[in-house]
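Letter by letter, the chains look like this.
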Amino acid sequence: MYVVLTPRERTNSALDQYELAVDEIVSACNGDLHSALRALMLLNEQLEQELALMSGVRPPDEWLH
């Protein structure tokens, strides 16, 4: 599934930052939502591992990938 991104009217709300970030991620994946979601999930897993290391908590034995 590919999505064509159209310009949106921006306001000054904090949500605009998230909308812009989502648009950039989807754009970086050539509009492929599956690839964008996969990239975000992998990044989230990496951040969880880094947080576990910094907090001294032993990470789970198995991660998703």
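Residues numbered from 1 in each chain as written. Predicted model: local features only at pLDDT ≥ 70, side-chain atom pairs only at ≥ 80, totals over all residues. Heavy atoms only, no water.

**Some words on the overall build of the protein**
Counting secondary structure elements, the protein contains two helices and zero strands. Going through the 65 residues of the protein one by one, you find that 14% of them count as buried. Counting contacts in the protein only where the partners sit at least 6 residues apart, residues at least 24 apart contribute 26% of the total. As displayed, the protein offers around 5,800 Å² of accessible surface, 60% of which is attributable to carbon and sulfur atoms. (Helix = DSSP H or I, 4+ residues; strand = E, 2+ residues; numbered from the N terminus. Buried < 20%, exposed > 50% of the residue type's maximum accessible area, 1.4 Å probe, protein only. Contact = heavy atoms within 4.5 Å. Areas by Shrake-Rupley, 256 points an atom, 1.4 Å probe, with all protein chains shown as cover.)

**Focus: the environment of Val22**
Mapped onto the elements, Val22 comes out in helix α1 (residues 15-28). Spatially, the C-alpha atoms of Val22 and Leu40 are 9.7 Å apart, while their sequence positions differ by 18 residues.

**Quick notes on a nonpolar patch on the surface**
A contiguous nonpolar patch, built from Leu40, Leu43 and Leu47 and spanning about 250 Å² of accessible area, is present on the exposed surface. Among the secondary structure elements, Leu40 is positioned in helix α2 (residues 33-55). (Patch = residues over 30% accessible without salt bridge, like charges linked within 9 Å, V, L, I, M, F, W, Y side chains within 5 Å. Salt bridge = Lys/Arg side-chain N within 4 Å of Asp/Glu carboxyl O.)

Purely geometric stuff here, so don't read any function into it on its own.
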